[in-house]
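The primary structure of each chain is shown beneath.
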Amino acid sequence: MPFDIYDFTSFTKWIDTGLQNSMSPFWTIVVEMLIIGVLILTFYALIGLFLVYAERKVCAFMQNRLGPNRVGPFGIFQTIADLVKLLLVELIPIKNADKFLFNLAPFIVIIASFMAIAAIPFAKGLHAIDLNIGLFYVIAVSAMGVIGVLLAGWSSNNKYSLIGAMRSGAQIVSYELSVGLSLITVVILAGSMQLSEIVLAQADGWFIFKGHIPAFIAFIVFLVASTAETNRGPFDLAEAESELTAGYHTEYSGIKFAFFFLAEYMNMFIVASIAATVFLGGWMPFHVGHWDGFNHIMDFIPPFIWYIVKTFFVIFLMMWFKWTFPRLRIDQLLTLEWKYLLPINLVNILIMSFIVLMGWHY
Amino acid sequence: MRSIINYIKEIILGVWSLLKGMKVTGSYFFRPSTIVTQKYPDNRKELVMFERFKGEVVMPHNEKNEHKCTGCGICEINCPNGTIEVISKTVLTEDGKKKRAIDKHIYRLGMCTFCALCVKSCPFNALAFSQEFEHAIFNRALLIKVLNKPGSQLMKGVEQ
(Lines give C-alpha, C1' and ligand atoms only; values in the text may rest on other atoms or scores of the structure.)
Protein backbone atom coordinates (compact mmCIF):
# COMPACT_ATOMS: atom_id res chain seq x y z
CA MET A 1 0.00 0.00 0.00
CA PRO A 2 1.46 3.38 -0.93
CA PHE A 3 -0.30 5.35 1.79
CA ASP A 4 1.29 3.52 4.70
CA ILE A 5 2.98 6.70 5.94
CA TYR A 6 -0.39 7.96 7.09
CA ASP A 7 -1.48 4.67 8.68
CA PHE A 8 -2.84 5.17 12.20
CA THR A 9 -3.14 1.43 12.97
CA SER A 10 0.30 1.08 14.55
CA PHE A 11 -0.20 4.26 16.57
CA THR A 12 -3.48 3.06 18.09
CA LYS A 13 -1.96 -0.41 18.68
CA TRP A 14 0.91 1.24 20.53
CA ILE A 15 -1.49 3.13 22.83
CA ASP A 16 -3.50 -0.07 23.38
CA THR A 17 -0.49 -2.20 24.39
CA GLY A 18 0.88 0.63 26.52
CA LEU A 19 -2.37 0.81 28.46
CA GLN A 20 -2.69 -2.96 28.73
CA ASN A 21 0.77 -3.26 30.24
CA SER A 22 -0.01 -0.74 32.96
CA MET A 23 -3.53 -1.78 34.04
CA SER A 24 -6.11 -4.56 33.94
CA PRO A 25 -8.05 -5.28 30.70
CA PHE A 26 -11.23 -3.81 32.19
CA TRP A 27 -9.61 -0.48 33.00
CA THR A 28 -7.89 -0.47 29.62
CA ILE A 29 -11.27 -0.55 27.90
CA VAL A 30 -12.65 2.13 30.22
CA VAL A 31 -9.70 4.46 29.56
CA GLU A 32 -9.82 3.83 25.82
CA MET A 33 -13.53 4.56 25.72
CA LEU A 34 -12.92 7.76 27.65
CA ILE A 35 -10.17 8.88 25.25
CA ILE A 36 -12.32 8.14 22.20
CA GLY A 37 -15.34 9.78 23.79
CA VAL A 38 -13.44 12.99 24.54
CA LEU A 39 -11.89 13.04 21.06
CA ILE A 40 -15.20 12.51 19.28
CA LEU A 41 -16.98 15.00 21.53
CA THR A 42 -14.39 17.68 20.74
CA PHE A 43 -14.57 16.86 17.04
CA TYR A 44 -18.36 16.96 17.22
CA ALA A 45 -18.47 20.37 18.85
CA LEU A 46 -15.89 21.87 16.50
CA ILE A 47 -17.56 20.50 13.38
CA GLY A 48 -20.96 21.65 14.63
CA LEU A 49 -19.71 25.19 15.20
CA PHE A 50 -17.97 25.27 11.86
CA LEU A 51 -20.98 23.93 9.97
CA VAL A 52 -23.29 26.58 11.40
CA TYR A 53 -20.84 29.26 10.28
CA ALA A 54 -20.38 27.62 6.87
CA GLU A 55 -24.11 27.33 6.33
CA ARG A 56 -24.68 30.99 7.12
CA LYS A 57 -21.88 32.05 4.80
CA VAL A 58 -22.94 29.76 1.93
CA CYS A 59 -26.55 30.85 2.32
CA ALA A 60 -25.53 34.50 2.32
CA PHE A 61 -23.38 34.21 -0.79
CA MET A 62 -26.16 32.43 -2.65
CA GLN A 63 -28.55 35.25 -1.75
CA ASN A 64 -26.11 38.03 -2.73
CA ARG A 65 -25.41 38.90 0.90
CA LEU A 66 -22.26 38.97 2.98
CA GLY A 67 -23.35 36.87 5.94
CA PRO A 68 -21.77 37.20 9.39
CA ASN A 69 -18.89 39.67 9.18
CA ARG A 70 -18.80 41.60 12.46
CA VAL A 71 -17.38 39.21 15.10
CA GLY A 72 -13.75 38.58 14.25
CA PRO A 73 -12.31 38.55 10.73
CA PHE A 74 -15.06 37.48 8.26
CA GLY A 75 -17.27 36.78 11.29
CA ILE A 76 -15.54 33.52 12.19
CA PHE A 77 -16.25 33.96 15.90
CA GLN A 78 -19.95 34.55 15.31
CA THR A 79 -20.99 30.97 16.06
CA ILE A 80 -18.86 30.91 19.21
CA ALA A 81 -20.61 34.06 20.40
CA ASP A 82 -23.95 32.44 19.56
CA LEU A 83 -22.98 29.34 21.51
CA VAL A 84 -22.04 31.37 24.59
CA LYS A 85 -25.36 33.18 24.33
CA LEU A 86 -27.25 29.88 24.05
CA LEU A 87 -25.46 28.51 27.12
CA LEU A 88 -26.45 31.55 29.17
CA VAL A 89 -30.08 31.68 28.04
CA GLU A 90 -32.76 30.76 30.56
CA LEU A 91 -34.38 27.34 30.23
CA ILE A 92 -38.10 28.10 30.18
CA PRO A 93 -40.28 25.46 31.92
CA ILE A 94 -43.39 24.64 29.88
CA LYS A 95 -46.77 24.47 31.58
CA ASN A 96 -48.47 21.05 31.36
CA ALA A 97 -45.58 19.60 29.40
CA ASP A 98 -44.50 16.03 30.03
CA LYS A 99 -41.40 17.03 31.99
CA PHE A 100 -39.51 13.74 31.71
CA LEU A 101 -40.00 13.21 27.98
CA PHE A 102 -39.49 16.91 27.32
CA ASN A 103 -36.06 16.77 28.93
CA LEU A 104 -35.22 13.38 27.44
CA ALA A 105 -35.94 14.24 23.80
CA PRO A 106 -32.88 16.43 23.02
CA PHE A 107 -30.61 13.77 24.48
CA ILE A 108 -32.07 11.03 22.29
CA VAL A 109 -31.57 13.18 19.22
CA ILE A 110 -27.99 14.00 20.09
CA ILE A 111 -27.07 10.47 21.23
CA ALA A 112 -28.36 9.04 17.95
CA SER A 113 -26.04 11.24 15.90
CA PHE A 114 -23.22 10.67 18.39
CA MET A 115 -23.49 6.90 18.05
CA ALA A 116 -23.47 7.08 14.27
CA ILE A 117 -20.26 9.05 14.18
CA ALA A 118 -18.41 6.26 16.00
CA ALA A 119 -18.64 3.90 13.03
CA ILE A 120 -17.32 6.29 10.42
CA PRO A 121 -13.76 5.72 9.14
CA PHE A 122 -11.89 9.02 9.19
CA ALA A 123 -8.60 7.60 7.96
CA LYS A 124 -6.81 4.27 7.85
CA GLY A 125 -6.89 3.03 11.45
CA LEU A 126 -8.73 6.14 12.67
CA HIS A 127 -11.96 4.30 13.21
CA ALA A 128 -13.64 3.88 16.61
CA ILE A 129 -15.57 0.65 15.91
CA ASP A 130 -15.23 -1.32 12.71
CA LEU A 131 -18.36 -3.46 12.75
CA ASN A 132 -18.85 -6.04 10.03
CA ILE A 133 -22.32 -4.55 9.47
CA GLY A 134 -21.08 -0.97 9.78
CA LEU A 135 -23.32 0.50 7.09
CA PHE A 136 -26.39 -1.16 8.53
CA TYR A 137 -25.46 0.07 12.00
CA VAL A 138 -25.07 3.67 10.85
CA ILE A 139 -28.46 3.67 9.06
CA ALA A 140 -30.16 2.05 12.05
CA VAL A 141 -28.67 4.37 14.62
CA SER A 142 -29.10 7.60 12.69
CA ALA A 143 -32.76 6.78 12.10
CA MET A 144 -33.23 6.64 15.88
CA GLY A 145 -33.04 10.42 16.06
CA VAL A 146 -36.62 10.64 14.85
CA ILE A 147 -37.78 9.13 18.14
CA GLY A 148 -36.33 12.18 19.87
CA VAL A 149 -38.10 14.44 17.40
CA LEU A 150 -41.42 12.65 17.95
CA LEU A 151 -41.01 12.78 21.74
CA ALA A 152 -40.14 16.47 21.60
CA GLY A 153 -43.26 17.23 19.59
CA TRP A 154 -45.47 15.04 21.71
CA SER A 155 -44.32 16.26 25.12
CA SER A 156 -44.28 19.98 24.32
CA ASN A 157 -48.04 20.41 24.76
CA ASN A 158 -48.12 22.55 21.63
CA LYS A 159 -50.03 21.87 18.44
CA TYR A 160 -47.30 23.24 16.19
CA SER A 161 -44.75 20.94 17.79
CA LEU A 162 -47.04 17.97 17.41
CA ILE A 163 -47.77 18.65 13.73
CA GLY A 164 -44.06 19.10 13.07
CA ALA A 165 -43.18 15.87 14.84
CA MET A 166 -45.86 13.89 12.98
CA ARG A 167 -44.65 15.23 9.65
CA SER A 168 -41.13 14.27 10.59
CA GLY A 169 -42.31 10.77 11.41
CA ALA A 170 -44.09 10.35 8.05
CA GLN A 171 -41.04 11.70 6.29
CA ILE A 172 -38.51 9.41 7.96
CA VAL A 173 -40.64 6.30 7.53
CA SER A 174 -40.83 6.83 3.78
CA TYR A 175 -37.36 8.18 3.06
CA GLU A 176 -35.50 5.65 5.19
CA LEU A 177 -36.48 3.16 2.50
CA SER A 178 -34.72 5.09 -0.25
CA VAL A 179 -31.62 5.64 1.85
CA GLY A 180 -31.37 1.94 2.60
CA LEU A 181 -32.02 0.80 -0.95
CA SER A 182 -29.55 3.24 -2.51
CA LEU A 183 -26.88 2.07 -0.08
CA ILE A 184 -27.72 -1.56 -0.83
CA THR A 185 -26.94 -0.81 -4.49
CA VAL A 186 -23.40 -0.09 -3.42
CA VAL A 187 -23.26 -2.97 -0.98
CA ILE A 188 -23.99 -5.27 -3.95
CA LEU A 189 -21.02 -3.74 -5.74
CA ALA A 190 -18.70 -3.86 -2.72
CA GLY A 191 -19.81 -7.25 -1.49
CA SER A 192 -19.51 -6.13 2.11
CA MET A 193 -21.19 -3.97 4.71
CA GLN A 194 -18.01 -3.34 6.67
CA LEU A 195 -17.12 0.32 6.15
CA SER A 196 -13.36 -0.26 6.20
CA GLU A 197 -13.69 -2.92 3.49
CA ILE A 198 -15.96 -0.69 1.42
CA VAL A 199 -13.26 1.98 1.53
CA LEU A 200 -10.47 -0.48 0.69
CA ALA A 201 -12.47 -1.82 -2.26
CA GLN A 202 -12.35 1.67 -3.76
CA ALA A 203 -8.55 1.82 -3.92
CA ASP A 204 -8.56 1.40 -7.72
CA GLY A 205 -11.56 3.62 -8.38
CA TRP A 206 -14.37 5.19 -6.42
CA PHE A 207 -17.70 3.37 -6.57
CA ILE A 208 -19.40 6.30 -8.25
CA PHE A 209 -17.05 5.71 -11.25
CA LYS A 210 -16.76 1.97 -10.84
CA GLY A 211 -20.49 1.28 -10.84
CA HIS A 212 -21.19 3.26 -14.01
CA ILE A 213 -24.63 4.89 -14.28
CA PRO A 214 -26.46 2.85 -11.58
CA ALA A 215 -23.96 4.00 -8.96
CA PHE A 216 -24.40 7.60 -10.04
CA ILE A 217 -28.20 7.30 -9.86
CA ALA A 218 -27.84 5.70 -6.43
CA PHE A 219 -25.68 8.64 -5.35
CA ILE A 220 -28.31 11.16 -6.48
CA VAL A 221 -31.11 9.20 -4.82
CA PHE A 222 -29.07 8.93 -1.64
CA LEU A 223 -28.45 12.68 -1.64
CA VAL A 224 -32.15 13.47 -2.05
CA ALA A 225 -33.33 10.90 0.47
CA SER A 226 -30.73 11.75 3.08
CA THR A 227 -31.48 15.45 2.77
CA ALA A 228 -35.06 14.52 3.57
CA GLU A 229 -33.95 12.27 6.41
CA THR A 230 -31.99 15.01 8.13
CA ASN A 231 -35.06 17.29 8.00
CA ARG A 232 -33.22 19.88 5.95
CA GLY A 233 -34.64 22.13 3.29
CA PRO A 234 -36.31 21.64 0.83
CA PHE A 235 -37.72 18.85 3.01
CA ASP A 236 -37.82 20.82 6.28
CA LEU A 237 -41.54 20.29 6.81
CA ALA A 238 -40.89 19.25 10.39
CA GLU A 239 -39.61 22.75 11.20
CA ALA A 240 -41.24 24.84 8.46
CA GLU A 241 -40.63 28.12 10.24
CA SER A 242 -43.10 29.97 8.01
CA GLU A 243 -46.03 27.74 8.93
CA LEU A 244 -45.17 25.95 12.21
CA THR A 245 -42.89 28.59 13.83
CA ALA A 246 -40.14 26.05 14.48
CA GLY A 247 -42.00 22.74 14.47
CA TYR A 248 -40.94 20.21 17.05
CA HIS A 249 -38.47 22.47 18.87
CA THR A 250 -40.78 25.47 19.21
CA GLU A 251 -40.90 25.19 23.00
CA TYR A 252 -37.22 24.49 23.58
CA SER A 253 -34.84 27.17 24.74
CA GLY A 254 -31.22 27.57 25.72
CA ILE A 255 -28.96 24.54 25.70
CA LYS A 256 -31.79 22.12 24.94
CA PHE A 257 -32.53 24.01 21.75
CA ALA A 258 -28.78 24.05 21.04
CA PHE A 259 -28.82 20.24 21.23
CA PHE A 260 -31.45 20.02 18.50
CA PHE A 261 -29.63 22.61 16.47
CA LEU A 262 -26.28 20.85 16.80
CA ALA A 263 -27.82 17.45 16.11
CA GLU A 264 -29.34 18.75 12.88
CA TYR A 265 -25.95 19.86 11.62
CA MET A 266 -24.21 16.72 12.85
CA ASN A 267 -26.78 14.57 11.07
CA MET A 268 -25.95 16.46 7.93
CA PHE A 269 -22.26 15.78 8.55
CA ILE A 270 -22.86 12.08 9.20
CA VAL A 271 -25.01 11.67 6.10
CA ALA A 272 -22.41 13.52 4.04
CA SER A 273 -19.61 11.37 5.39
CA ILE A 274 -21.55 8.20 4.59
CA ALA A 275 -22.04 9.50 1.06
CA ALA A 276 -18.34 10.32 0.87
CA THR A 277 -17.31 6.93 2.27
CA VAL A 278 -19.65 4.81 0.23
CA PHE A 279 -19.71 6.62 -3.11
CA LEU A 280 -16.65 8.85 -3.19
CA GLY A 281 -14.05 6.52 -1.71
CA GLY A 282 -13.89 7.75 1.89
CA TRP A 283 -10.30 8.54 2.77
CA MET A 284 -9.00 7.00 -0.48
CA PRO A 285 -6.99 9.42 -2.62
CA PHE A 286 -8.14 10.20 -6.14
CA HIS A 287 -6.46 7.88 -8.61
CA VAL A 288 -6.67 7.89 -12.38
CA GLY A 289 -5.91 4.59 -14.12
CA HIS A 290 -2.22 4.38 -15.01
CA TRP A 291 -1.06 7.94 -14.38
CA ASP A 292 1.50 6.79 -11.83
CA GLY A 293 3.05 10.22 -11.29
CA PHE A 294 -0.34 11.82 -10.67
CA ASN A 295 -1.43 8.97 -8.39
CA HIS A 296 1.77 9.26 -6.40
CA ILE A 297 1.25 12.98 -5.79
CA MET A 298 -2.32 12.28 -4.69
CA ASP A 299 -1.01 9.70 -2.18
CA PHE A 300 0.96 12.41 -0.39
CA ILE A 301 -2.21 14.25 0.66
CA PRO A 302 -3.17 12.71 4.03
CA PRO A 303 -6.28 10.49 3.96
CA PHE A 304 -7.95 12.57 6.66
CA ILE A 305 -7.78 15.61 4.37
CA TRP A 306 -9.30 13.56 1.55
CA TYR A 307 -12.10 12.45 3.82
CA ILE A 308 -12.84 16.00 5.04
CA VAL A 309 -12.71 17.48 1.54
CA LYS A 310 -15.13 14.90 0.15
CA THR A 311 -17.47 15.25 3.10
CA PHE A 312 -17.55 19.02 2.78
CA PHE A 313 -18.18 18.70 -0.94
CA VAL A 314 -21.31 16.68 -0.19
CA ILE A 315 -22.30 19.10 2.58
CA PHE A 316 -21.92 21.96 0.13
CA LEU A 317 -24.22 20.16 -2.30
CA MET A 318 -26.83 19.77 0.44
CA MET A 319 -26.57 23.45 1.37
CA TRP A 320 -26.89 24.30 -2.30
CA PHE A 321 -30.14 22.30 -2.40
CA LYS A 322 -31.46 23.96 0.71
CA TRP A 323 -30.91 27.52 -0.46
CA THR A 324 -32.16 26.92 -4.00
CA PHE A 325 -35.32 24.86 -3.82
CA PRO A 326 -38.65 25.86 -2.27
CA ARG A 327 -40.12 23.66 0.45
CA LEU A 328 -42.26 20.73 -0.69
CA ARG A 329 -45.82 20.19 0.48
CA ILE A 330 -46.45 16.97 2.43
CA ASP A 331 -48.26 15.33 -0.49
CA GLN A 332 -45.50 16.33 -2.91
CA LEU A 333 -42.99 14.91 -0.46
CA LEU A 334 -44.70 11.54 -0.32
CA THR A 335 -45.29 11.52 -4.08
CA LEU A 336 -41.62 12.11 -4.69
CA GLU A 337 -40.69 9.17 -2.49
CA TRP A 338 -43.30 6.56 -3.37
CA LYS A 339 -43.85 7.35 -7.04
CA TYR A 340 -40.37 8.37 -8.11
CA LEU A 341 -37.47 7.52 -5.83
CA LEU A 342 -38.64 4.05 -4.80
CA PRO A 343 -39.35 2.66 -8.32
CA ILE A 344 -36.14 4.21 -9.66
CA ASN A 345 -34.24 2.65 -6.79
CA LEU A 346 -35.67 -0.81 -7.29
CA VAL A 347 -34.90 -0.78 -11.04
CA ASN A 348 -31.49 0.59 -10.21
CA ILE A 349 -30.72 -2.31 -7.84
CA LEU A 350 -31.76 -4.79 -10.55
CA ILE A 351 -29.45 -3.16 -13.10
CA MET A 352 -26.61 -3.03 -10.58
CA SER A 353 -27.01 -6.71 -9.66
CA PHE A 354 -26.99 -7.57 -13.36
CA ILE A 355 -23.80 -5.56 -13.91
CA VAL A 356 -22.10 -7.23 -10.94
CA LEU A 357 -23.28 -10.67 -12.09
CA MET A 358 -21.87 -10.13 -15.57
CA GLY A 359 -18.71 -8.57 -14.16
CA TRP A 360 -19.06 -5.41 -16.24
CA HIS A 361 -17.69 -3.17 -13.52
CA TYR A 362 -13.95 -2.80 -13.33
CA MET B 1 -45.74 2.27 -22.96
CA ARG B 2 -46.75 5.87 -23.50
CA SER B 3 -47.19 6.33 -19.75
CA ILE B 4 -43.68 5.03 -19.09
CA ILE B 5 -42.24 7.46 -21.63
CA ASN B 6 -44.19 10.29 -20.02
CA TYR B 7 -42.94 9.20 -16.59
CA ILE B 8 -39.30 9.31 -17.70
CA LYS B 9 -39.86 12.60 -19.53
CA GLU B 10 -41.35 14.07 -16.37
CA ILE B 11 -38.34 13.04 -14.33
CA ILE B 12 -35.88 14.48 -16.82
CA LEU B 13 -37.82 17.76 -17.10
CA GLY B 14 -38.03 17.99 -13.31
CA VAL B 15 -34.31 17.42 -12.83
CA TRP B 16 -33.57 19.89 -15.60
CA SER B 17 -35.63 22.64 -13.96
CA LEU B 18 -33.96 21.93 -10.61
CA LEU B 19 -30.54 22.20 -12.25
CA LYS B 20 -31.57 25.53 -13.77
CA GLY B 21 -32.36 26.85 -10.30
CA MET B 22 -29.08 25.53 -8.94
CA LYS B 23 -27.25 27.25 -11.78
CA VAL B 24 -28.60 30.62 -10.67
CA THR B 25 -27.67 30.24 -6.99
CA GLY B 26 -24.39 28.58 -7.90
CA SER B 27 -23.42 31.44 -10.18
CA TYR B 28 -24.12 33.88 -7.35
CA PHE B 29 -22.06 31.77 -4.96
CA PHE B 30 -18.99 31.67 -7.19
CA ARG B 31 -19.15 35.36 -8.13
CA PRO B 32 -18.73 37.43 -4.95
CA SER B 33 -18.95 40.57 -7.11
CA THR B 34 -22.74 40.11 -7.17
CA ILE B 35 -23.01 40.80 -3.42
CA VAL B 36 -25.14 43.89 -2.84
CA THR B 37 -24.66 44.29 0.92
CA GLN B 38 -22.93 47.52 1.97
CA LYS B 39 -20.66 47.41 5.02
CA TYR B 40 -22.22 50.68 6.07
CA PRO B 41 -20.35 52.28 8.96
CA ASP B 42 -17.04 51.09 7.51
CA ASN B 43 -17.57 52.46 4.01
CA ARG B 44 -19.08 55.76 5.14
CA LYS B 45 -16.34 57.76 3.35
CA GLU B 46 -16.84 56.26 -0.09
CA LEU B 47 -20.58 55.52 0.20
CA VAL B 48 -22.48 57.17 -2.66
CA MET B 49 -26.27 57.20 -2.47
CA PHE B 50 -28.15 56.89 -5.74
CA GLU B 51 -29.63 60.02 -7.28
CA ARG B 52 -33.32 59.41 -6.71
CA PHE B 53 -32.82 58.66 -3.02
CA LYS B 54 -35.00 60.96 -0.88
CA GLY B 55 -32.86 61.93 2.07
CA GLU B 56 -34.28 65.29 3.18
CA VAL B 57 -35.83 68.34 1.56
CA VAL B 58 -33.35 71.12 0.84
CA MET B 59 -33.51 74.43 -0.97
CA PRO B 60 -30.60 74.70 -3.39
CA HIS B 61 -28.77 78.01 -3.29
CA ASN B 62 -26.37 79.26 -5.96
CA GLU B 63 -22.94 80.70 -5.23
CA LYS B 64 -24.36 84.23 -4.83
CA ASN B 65 -26.58 82.93 -1.98
CA GLU B 66 -29.72 83.12 -4.10
CA HIS B 67 -32.62 80.66 -4.10
CA LYS B 68 -35.68 80.24 -6.30
CA CYS B 69 -38.38 80.36 -3.62
CA THR B 70 -40.91 83.17 -4.05
CA GLY B 71 -42.83 82.34 -0.92
CA CYS B 72 -46.03 81.38 -2.75
CA GLY B 73 -46.85 78.70 -0.17
CA ILE B 74 -47.93 75.98 -2.61
CA CYS B 75 -45.61 73.50 -0.88
CA GLU B 76 -47.21 74.33 2.46
CA ILE B 77 -50.70 73.71 1.03
CA ASN B 78 -49.66 70.46 -0.62
CA CYS B 79 -47.88 68.97 2.35
CA PRO B 80 -50.13 66.26 3.86
CA ASN B 81 -48.57 66.39 7.36
CA GLY B 82 -48.05 70.09 7.89
CA THR B 83 -44.31 69.64 7.69
CA ILE B 84 -43.68 72.88 5.85
CA GLU B 85 -44.45 76.37 7.07
CA VAL B 86 -43.65 79.36 4.88
CA ILE B 87 -43.34 82.66 6.72
CA SER B 88 -43.35 85.51 4.25
CA LYS B 89 -42.53 89.19 4.56
CA THR B 90 -42.98 92.19 2.32
CA VAL B 91 -39.97 93.85 0.78
CA LEU B 92 -39.59 96.99 -1.35
CA THR B 93 -38.24 96.39 -4.82
CA GLU B 94 -35.82 98.85 -6.54
CA ASP B 95 -38.65 100.66 -8.29
CA GLY B 96 -40.44 101.20 -4.99
CA LYS B 97 -43.12 98.48 -5.26
CA LYS B 98 -44.14 96.28 -2.35
CA LYS B 99 -43.50 92.63 -2.97
CA ARG B 100 -43.82 89.31 -1.11
CA ALA B 101 -40.68 87.35 -0.25
CA ILE B 102 -39.88 84.57 2.19
CA ASP B 103 -38.67 85.30 5.63
CA LYS B 104 -38.33 81.71 6.75
CA HIS B 105 -39.07 78.43 5.00
CA ILE B 106 -39.51 76.08 7.97
CA TYR B 107 -39.18 72.35 7.35
CA ARG B 108 -39.88 69.87 10.17
CA LEU B 109 -37.84 66.80 9.27
CA GLY B 110 -39.33 64.78 12.14
CA MET B 111 -42.80 65.00 10.57
CA CYS B 112 -41.80 64.44 6.97
CA THR B 113 -42.82 61.23 5.18
CA PHE B 114 -40.68 61.97 2.12
CA CYS B 115 -43.67 61.83 -0.22
CA ALA B 116 -42.07 64.48 -2.47
CA LEU B 117 -45.34 66.36 -3.06
CA CYS B 118 -43.66 69.66 -2.13
CA VAL B 119 -40.77 69.09 -4.50
CA LYS B 120 -43.06 68.07 -7.35
CA SER B 121 -45.62 70.82 -6.87
CA CYS B 122 -43.18 73.72 -6.57
CA PRO B 123 -43.74 75.90 -9.67
CA PHE B 124 -40.20 77.32 -9.56
CA ASN B 125 -38.27 74.12 -8.74
CA ALA B 126 -37.06 75.79 -5.57
CA LEU B 127 -37.00 72.57 -3.52
CA ALA B 128 -35.02 69.38 -4.02
CA PHE B 129 -34.02 66.22 -2.18
CA SER B 130 -30.52 65.74 -0.86
CA GLN B 131 -28.89 62.32 -0.40
CA GLU B 132 -28.09 62.96 3.27
CA PHE B 133 -29.64 60.18 5.38
CA GLU B 134 -27.93 60.24 8.77
CA HIS B 135 -30.62 62.18 10.59
CA ALA B 136 -30.24 60.75 14.09
CA ILE B 137 -29.72 63.42 16.75
CA PHE B 138 -30.30 63.68 20.48
CA ASN B 139 -32.36 66.87 20.50
CA ARG B 140 -35.72 66.85 18.77
CA ALA B 141 -35.66 70.62 18.31
CA LEU B 142 -32.79 70.23 15.87
CA LEU B 143 -35.13 68.46 13.45
CA ILE B 144 -36.89 71.77 12.73
CA LYS B 145 -34.85 73.32 9.97
CA VAL B 146 -34.94 76.66 8.18
CA LEU B 147 -34.28 75.92 4.53
CA ASN B 148 -33.39 79.39 3.22
CA LYS B 149 -29.95 80.45 4.29
CA PRO B 150 -29.63 83.68 6.29
CA GLY B 151 -29.30 86.71 4.05
CA SER B 152 -30.32 84.82 0.94
CA GLN B 153 -32.32 86.45 -1.82
CA LEU B 154 -34.62 85.47 -4.64
CA MET B 155 -32.80 84.61 -7.81
CA LYS B 156 -33.22 87.16 -10.61
CA GLY B 157 -35.63 86.24 -13.36
CA VAL B 158 -37.49 83.48 -11.52
CA GLU B 159 -40.82 85.31 -11.34
CA GLN B 160 -41.18 86.41 -14.96
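Residues numbered from 1 in each chain as written. Chains lettered and ligands numbered in written order. Predicted model: local features only at pLDDT ≥ 70, side-chain atom pairs only at ≥ 80, totals over all residues.

(A) Quick peek at the overall build of chain A. In terms of regular secondary structure, chain A is built from 14 helices and 0 strands. At 21 Å, chain A has a C-alpha radius of gyration in line with the 21 Å of a compact globule built from 362 residues. Overall, the C-alpha framework of chain A stretches about 65 × 55 × 45 Å when taken along its three principal axes. Looking at chain A residue by residue over its 362 residues, the buried ones come to 42%. (Helix = DSSP H or I, 4+ residues; strand = E, 2+ residues; numbered from the N terminus. Rg over C-alpha atoms; globule rule 2.2 N^0.38 Å. Buried ≥ 20, exposed ≤ 12 C-beta atoms within 10 Å, placed from the backbone.)

(B) Fine view of the overall build of chain B. Each helix and strand in chain B was counted, giving 3 helices and 7 strands. The C-alpha atoms of chain B give a radius of gyration of 27 Å, which is well past the 15 Å a tight globule of 160 residues would have. Expressed as lengths along the three principal axes of its C-alpha atoms, the size of chain B is roughly 100 × 40 × 30 Å. Burial analysis of chain B (160 residues in total) assigns 14% to the buried set. Across chain B, the fraction of contacts at a sequence separation of at least 24, relative to all contacts at a separation of at least 6, is 73%. (Contact = placed C-beta atoms within 7 Å.)

(C) Structural view of the domain arrangement of chain B. According to the domain assignment, chain B consists of domain 1 (2-34) and domain 2 (56-154). For domain 1 of chain B versus domain 2 of chain B, the distance between C-alpha centres works out to 56 Å. (Domains from an automatic or database assignment.)

(D) Quick peek at the pairing of strand β3 (residues 84-92) of chain B. All names here are of chain B. Where β3 meets strand β4 (residues 98-108), 9 bridges bridge the pair, whose relative direction is antiparallel. Paired with Thr 90 across the strands is Arg 100, a residue of β4. Following β3, the chain reverses through 5 residues before pairing antiparallel with β4; Gly 96 in that reversal takes a positive phi of roughly 80°. (Pairing = 2+ DSSP bridges.)

(E) Quick peek at the environment of B:Glu132. Residue and element names in this part refer to chain B. As for its position among the elements, Glu 132 is in the loop between β5 (128-130) and β6 (144-146). For the pair Glu 132 and Met 49, spaced 83 residues apart in sequence, the C-alpha to C-alpha distance is 8.3 Å. Those residues within four positions of Glu 132 in sequence are excluded, and the remaining contacts are Gly 55 and Glu 56.

(F) Inspection of the interface of chain A and chain B at higher detail. Opposite the 11 residues of chain A that make contact, chain B presents 13 residues. The element best represented in the side of chain A that touches chain B is helix α2 (residues 25-62) of chain A, accounting for 3 residues.

(G) Here's a closer look at α2(A). Helix length check: α2(A) (38 residues) gives 53 Å between terminal C-alpha atoms against 56 Å at 1.5 Å per residue, within 8%. Taken together, the buried positions of α2(A) are occupied by A:Ile47, A:Gly48, A:Leu51, A:Val52, A:Tyr53, A:Glu55, A:Lys57, A:Val58, A:Phe61 and A:Met62. Among the structural elements, α3 (78-88), α11 (254-278) and α13 (303-322) of chain A together with α1 (2-30) of chain B are those in contact with the buried residues of α2(A). Residue A:Asn64 follows α2(A) closely and has a positive phi angle near 60°. (Expected span 1.5 Å × (residues − 1).)

(H) View of the sheet that holds β3(B). Residue and element names in this part refer to chain B. Across the sheet, which stays open at both edges, the 3 strands sit in the order β3-β4-β6 with antiparallel pairing between neighbours. Either end of the sheet is taken by a strand with one partner, and the two such strands are β3 and β6. Neighbour-to-neighbour, the strand axes of the sheet open up by a mean angle of 25°, direction not taken into account. (Axes fitted to C-alpha atoms, helices over the stretch in contact; angles between N-to-C directions.)

(I) Broad picture of the nonpolar core. All names here are of chain A. Ranked by size, the top nonpolar core spans 92 residues in total, and within it Val 109, Val 186, Phe 269, Ala 272, Ala 275 and Phe 279 carry the most contacts. Top contributing element to this core by residue count: α11, with 16 residues. Not counting the four nearest positions on each side in its chain, Ala 275 is found in contact with Phe 222, Leu 223, Ser 226, Leu 280 and Val 314. (Core = buried A, V, L, I, M, F, W, Y, C linked by C-beta atoms within 7 Å.)

(J) Seen up close, the packing of helix α7 (residues 159-190) of chain A against helix α10 (residues 212-229) of chain A. Residues and elements named next belong to chain A. Viewed as axis vectors pointing N to C, α7 and α10 meet at an angle of 150°, and their least axial separation amounts to 9 Å. In terms of orientation, α7 and α10 fall into the roughly antiparallel class. Every pair of crossing elements has a handedness; the one defined by α7 and α10 is left-handed. For the pair formed by α7 and α10, the contact residues are Gln 171, Ile 172, Tyr 175, Glu 176, Ser 178, Val 179, Ser 182, Leu 183, Thr 185, Val 186 and Leu 189 on the first element and Pro 214, Ala 215, Ala 218, Val 221, Phe 222, Ala 225, Ser 226, Ala 228 and Glu 229 on the second. (Parallel < 35°, antiparallel > 145°, perpendicular 65-115°, else oblique. Left-handed = near helix turned anticlockwise from the far one by under 90°.)

(K) Seen up close, unusual backbone geometry. All names here are of chain A. In this model, Phe 74 sits at a positive phi of 55°, which is unusual for a non-glycine residue. Within the secondary structure layout, Phe 74 lies in the loop between α2 and α3. For Asn 231, which is not glycine, the phi dihedral falls at a positive 60°. Position of Asn 231 relative to the elements: it lies in the loop between α10 and α11. Given 27 C-beta atoms within a 10 Å radius, Asn 231 is considered buried.

(L) Local environment of the environment of A:Met266. Residue and element names in this part refer to chain A. Take Met 266: it is sitting in helix α11. Judged by the 25 C-beta atoms lying within 10 Å of it, Met 266 falls in the buried class. As for Met 266 and Ile 47, which are separated by 219 residues in sequence, their C-alpha atoms are 7.7 Å apart. Contact partners of Met 266, with chain neighbours within four places excluded, come to Tyr 44, Gly 48 and Ser 113.

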